[in-house]
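Fold and geometry: a report
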Amino acid sequence: MDEHNMEVIVCPDAARAVTLVAALLETRLRTQPALVLGLATGRTMERVYVELVASGVSFGDVTTFNLDEYIGLRANHPNSYRRYMEDHLFSRVDIDPANTHVPAGDAVDLAAAAADYERRITLAGGIDMQLLGIGEAGHIGFNEPLSSLASRTRDKCLTPTTRKQNAAMFGGDPMSVPSRALTMGVGTILEARELILLATGEAKASIVARAIEGPISSMVSASALQLHANCKVIVDEAAGSELGGREYYDFVFANEPAWSAYRDFG
Ligand code: GLP
């Protein structure tokens, strides 16, 4: 594990990619119980939370900050990300609810809610480890194309691609997906001390390759991860299938001593 690079690990299947991410998180939580953990939502992450809960690791001293929240949904709406987190993680571990943070997408004053979110992250001492998924539009959080690479938490208009991608959770109709979200900015995300991006499935293959190996561009906000000094990208064969540097990534994973405990996943 190199603290000055991006590292790409291609796992044979989605199950092993999920287990590797869960294992990295569990190890980190055991060695640093007061971790400030950045969390992500989406279908890919559901299985990570299942494994994390099953590991029995304590969240008693953990503080969490989620990446984003839909605007206009009540916190207890079945599709809100607050509700997702309650269902998949918070209600299943010993975390203090006061230490869980999700952007207030139901706030009347969204700019104030955004500034308050940034302030809370700073007060917590910054995010130690941030979990990330990737959208088919290349977003991290809800940083849609043209998000400034210096952006902070703010409200953002969602792309048709994203609304289509998330429509299944809203009865299949993209128009039922809220059109805006309150999201950490790319700049906010880049300040986390460590980043872990997880992507699985063929639908992510093209955007993963563009983000990791393409030029850094605000059109693909995930490409900003190339600017981070400690970023792990964990994918399955399907999501990694368009990566050009595959041979080298596999060689690094097989040879870096720090990965020795995790080789079974590669
Ligand atoms: C939503 C979230 C993103 C997440 C993405 C991935 O759009 N806002 O933070 O990365 O979902 O979704 P999935 O895992 O369902 O593909």
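Because the structure is predicted, anything quoted here is derived from the model rather than measured.

Notes on the site of the ligand
- Taken together, the neighbourhood of the ligand is formed by 14 residues, with Arg43, Thr44, Asp68, His139 and Lys204 sitting nearest.
- Between His139 and the ligand, the recorded distance is 3.1 Å, taken from a side-chain N or O atom to an oxygen atom.
- Lys204 places a polar side-chain atom, nitrogen or oxygen, 2.7 Å from an oxygen atom of the ligand.
- Protein burial of the ligand: of its 390 Å² of free accessible surface, 97% is covered by the chains.
- The cavity where the ligand resides is the largest pocket.

Details of unusual backbone geometry
- If you check the backbone angles, Leu146 has positive phi at about 75° while not being a glycine.
- Position of Leu146 relative to the elements: it lies in the loop between β6 (129–132) and β7 (154–157).
- For Leu146, a relative accessible area of 61% translates into the label exposed.

Topic: the packing of helix α1 (residues 14–31) against helix α2 (residues 43–55)
- In the contact formed by α1 and α2, the axes pass within 9 Å of each other and the chain directions differ by 50°. Relative to α2, α1 is oriented oblique. Relative to α2, the crossing made by α1 is right-handed. Contact residues: α1 offers Ala14, Ala15, Val18, Thr19, Val21, Ala22, Leu25, Glu26, Leu29 and Arg30, while α2 offers Thr44, Arg47, Val48, Glu51, Leu52 and Ser55.

As for the sheet that holds strand β8 (residues 180–183)
- Read across the sheet, 3 strands follow the order β4-β8-β7 without closing on themselves; strand pairing throughout is antiparallel. One side of each edge strand has no neighbouring strand; the edge strands of this open sheet are β4 (68–70) and β7. Neighbouring strand axes in the sheet, compared pairwise and without regard to direction, differ in orientation by 30° on average.
- Examined bridge by bridge, β4 and β8 share 3 bridges and lie antiparallel to one another. Each residue of the ladder has a partner; that of Asp68, found in β8, is Thr183.

Considerations on helix α8 (residues 246–255)
- Buried within α8 are the following residues: Tyr249, Val252 and Phe253. Projected onto a plane normal to the axis of α8, the buried residues spread over an arc of 95° and lie on a single side. Those residues of α8 that are exposed and angled more than 90 degrees off the buried face are Glu247, Tyr248 and Phe251.
- Considering only its buried residues, α8 is in contact with β1 (6–11) and α7 (205–213).

What to know about the pairing of β1
- Most of β1 sits out of view: 5 of its 6 residues are buried.
- Inspection of the sheet shows β1 paired to strand β10 (residues 231–236) by 6 bridges, in the parallel sense. Among the inter-strand pairings, Val10 is bridged to a residue of β10, identified as Val235.

Overview of the side chain of Thr64
- With respect to the helices and strands, the residue Thr64 is situated in strand β3 (residues 63–66).
- The exposure class assigned to Thr64 is buried, which follows from its relative accessible area of 0%.
- Once residues within four sequence positions are removed from consideration, Thr64 is found in contact with Leu37, Leu39, Phe90, Ile95, Asn99, Thr100 and His101.

A closer look at the nonpolar core
- In this structure, Leu20, Tyr49, Phe59, Ile234 and Leu243 are the most contacted members of the largest nonpolar core, which totals 77 residues.
- With 9 residues, α1 is the largest single contributor of residues to this core.
- Non-local contacts of Tyr49, meaning those with residues more than four positions away in its chain, are made with Leu39, Ala40, Tyr84, Met85, His88, Leu89 and Leu131.
- Listed in part, the 5 residues of the second largest apolar core include Ile71, Leu110, Ala113 and Leu182.

Procedures and definitions
Each chain carries its own residue numbering, running from 1 in the direction its sequence is written. Local features in a predicted model are, by the rule used here, given only for residues with pLDDT of at least 70; side-chain atom pairs are given and counted only at 80 or more, and totals for whole chains, interfaces and linings are based on all residues. Based on all heavy atoms of the structure, the side-chain values leave hydrogens and waters out of the count. Definition of nearness: a residue and a molecule or strand are near each other if at least one heavy atom of the residue lies within 4 Å of the molecule or strand. Whenever a nitrogen or oxygen atom comes within 3.5 Å of another N or O atom, the pair is scored as a polar contact, on the condition that within protein one atom can donate a hydrogen and the other can accept it, and that pairs from neighbouring residues in sequence are kept only if both atoms are in side chains. For the area figures, the Shrake-Rupley method with a 1.4 Å probe applies, and any residue is considered shielded solely by the protein chains shown. Cavities and pockets are defined on a 1 Å grid built over the protein atoms alone: a cavity is a set of grid points where a 1.4 Å probe fits but cannot escape, while a pocket is an open set with protein on both sides within 12 Å along at least five of seven lines, and lining residues are those with an atom within 4 Å of any such point. To decide whether a molecule occupies a pocket or cavity, check its atoms: if more than half lie within 2 Å of the grid points, it is inside. Per the convention used, a helix needs a DSSP run of H or I reaching at least four residues, while a strand needs a run of E reaching at least two, with both numbered from the N terminus. Between buried and exposed lies partly exposed: a residue is buried under 20% and exposed over 50% of the maximum accessible area for its type, with that area taken using a 1.4 Å probe on protein chains only. Here the axes come from fitting lines to C-alpha atoms, over the contacting stretch only for helices, and the angles between their N-to-C directions go from 0 to 180 degrees. For classification purposes, an angle smaller than 35 degrees is called roughly parallel, one larger than 145 roughly antiparallel, one from 65 to 115 roughly perpendicular, and anything else oblique. A crossing counts as left-handed when the near helix is turned anticlockwise from the far one by less than a right angle, and as right-handed when that turn is clockwise. Here, two residues are considered to be in contact whenever any of their heavy atoms come within 4.5 Å of each other. We call two strands paired when DSSP finds no fewer than two bridges between them. As used here, the arc is the angular range of directions from the helix axis to the C-beta atoms. The criterion is simple. A nonpolar core is a set of buried Ala, Val, Leu, Ile, Met, Phe, Trp, Tyr and Cys residues joined through side-chain atoms within 4.5 Å.

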